[in-house]
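If you want the building blocks of each chain, they are given just below.
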Amino acid sequence: MLGTQIRPARPDDAERLRRFLARLSLHTQTLRFFTGIGTPAASMVRVLIALDDHRDALVATLDGEIIGHAMSYRGGAADVEIAVVVADEWQGKGLGPYLIDVLLFRAAVRGAKTVGMDVLGENRRVLRMIRRLWPDAQMKVTSGSVEVTARIQRAEVFAE
């Protein structure tokens with residue numbers, strides 16, 4: 001991950017994020033969005049970079065281009081719901097878990113104690129990661145996806 005930077009998303013990331021999403025393989029798009037997205041709409045990109053009291057968004061960059069995106073929002077079955085996607089060529093190199101760690105750090109500082117996510121049932125890599133990071137996570141299979149709820153393990157350490 002040498003040379004990568006993780007930072008909060010900014011409004012001027014819109015075009016970089018659109019290019020990133022369009023470069024994702026159909027398989028990766030489907031694992032993240034549960035469908036292929038083709039050319040991302042401007043409204044979708046705006047939602048993915050929005051930061052406010054209820055939403056957070058991070059980007060991982062390399063040489064000014066986005067190679068990963070993570071977002072969270074308050075609400076749902078857990079204190080914070082998260083979603084992450086990493087460029088195909090960067091998958092399996094630790095960038096996804098690192099984005100999750102930074103995102104959950106930021107959520108824990110804001111008081112979140114539980115995390116939730118919806119994972120497509122065929123996303124074996126992410127389900128293995130969840131079992132490794134959160135062995136006590138609750139998982140409920142619904143219509144081909146897995147609803148995951150877990151405790152943010154290090155919230156107390158993060159808050160210090």
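Just above sits the structure.
All values reported here derive from a predicted model rather than from experimental measurement.

> So what exactly am I meant to see when it comes to the nonpolar core here?
The nonpolar side chains of soluble globular proteins are, as a tendency, buried together. Judged by nonpolar contacts, the single largest core of 45 residues is most densely connected at V115 and W134. For this core, the element with the highest residue contribution is helix 4 (residues 95–109), accounting for seven residues. Beyond its immediate stretch of four places on either side in the chain, V115 contacts A78, V80, I82, L104, W134, V148, T149, A150 and I152.

> What is the right way to look at the pattern of salt bridges in this model?
Pairing between side chains becomes possible if they bear opposite charge and their charged atoms approach one another. This structure, assessed with the given rule, holds ten salt bridges. Where R18 meets E15, a salt bridge forms, and the shortest distance between an N and an O atom there is 2.5 Å. Of this pair, R18 and E15 both sit in helix 1 (residues 14–23), three residues apart, roughly one helical turn. Judged by relative accessible area, which is 38%, E15 ranks as partly exposed. Where R23 meets E65, a salt bridge forms, and the shortest distance between an N and an O atom there is 3.8 Å. Taken together, the residues span a long stretch of sequence, with R23 in helix 1 and E65 in strand 3 (residues 65–75) at a distance of 42 residues. The exposure class assigned to R23 is partly exposed, which follows from its relative accessible area of 46%.

> I tried to follow the packing of helix 1 against helix 3 (residues 42–49) on my own but got confused; where do I start?
For any two helices packed against each other, one specifies the crossing angle of their axes together with the interaxial distance. Running from N to C, helix 1 and helix 3 point in directions that differ by 110°, and their axes come no closer than 10 Å. Judged by the inter-axis angle, helix 1 sits roughly perpendicular to helix 3. Packed against helix 1, whose contacting residues are A14, L17, R18 and L21, the element helix 3 presents V45, L48 and I49 at the interface. Partitioned by chemical class, the residues of the contact of helix 1 with helix 3 number six nonpolar, no polar and one charged.

> Where do I start with the pairing of strand 4 (residues 78–86) in this structure?
Along a regular strand, successive side chains alternate from one face of the sheet to the other. Here strand 4 lies mainly inside the structure; seven of its nine residues are buried. Looking at chain direction, strand 3 and strand 4 are connected through eight bridges and run antiparallel. Along strand 4, the bridge assignment pairs G75 with A78. Adjacent in sequence and paired antiparallel, strand 3 and strand 4 are bridged by two residues, among which G76 carries a positive phi angle near 80°. The pairing of strand 4 with strand 5 (residues 114–120) spans two bridges and is parallel. Residue pairing across strands places E81 opposite G116, the latter belonging to strand 5. Crossover handedness for the path strand 4 to helix 4 to strand 5: right-handed.

Conventions and cut-offs
Throughout, residues of each chain are indexed from 1 in the direction in which the sequence is written. Per-residue local features of the predicted model are confined to residues with pLDDT of at least 70, and side-chain atom pairs are confined, for both listing and counting, to 80 or more; whole-chain, interface and lining totals are unaffected and use all residues. Side-chain measures were taken over the full set of non-hydrogen atoms in the model, leaving aside hydrogen atoms and water. For the purposes of this section, nonpolar cores are sets of buried Ala, Val, Leu, Ile, Met, Phe, Trp, Tyr and Cys residues that join through side-chain atoms within 4.5 Å. Classification of residues uses two cut-offs on accessible area relative to the type maximum, computed with a 1.4 Å probe and protein chains only: under 20% is buried, over 50% is exposed, and between them is partly exposed. Helix and strand labels come from DSSP, where a helix needs a run of H or I of at least four residues and a strand needs a run of E of at least two; each type is numbered from the N terminus. Throughout, a contact is declared for two residues whenever any of their heavy atoms are within 4.5 Å. Salt bridge criterion: a side-chain nitrogen from Lys or Arg within 4 Å of a carboxyl oxygen from Asp or Glu. Every angle, taken between N-to-C directions, lies between 0 and 180 degrees, and every axis is a line fitted to C-alpha atoms, over only the stretch in contact when it is a helix. Our angle categories are set so that under 35 degrees counts as roughly parallel, over 145 as roughly antiparallel, 65 to 115 as roughly perpendicular, and the remainder as oblique. Three classes are used: nonpolar for Ala, Val, Leu, Ile, Met, Phe, Trp, Tyr, Cys and Pro, charged for Asp, Glu, Lys and Arg, and polar for all others, with Gly counted as polar. Strands were regarded as paired on the criterion that DSSP finds at least two bridges between them. Think of it like this: strands point away, you trace from the first strand over the helix to the second, and a clockwise trace means the crossover is right-handed.

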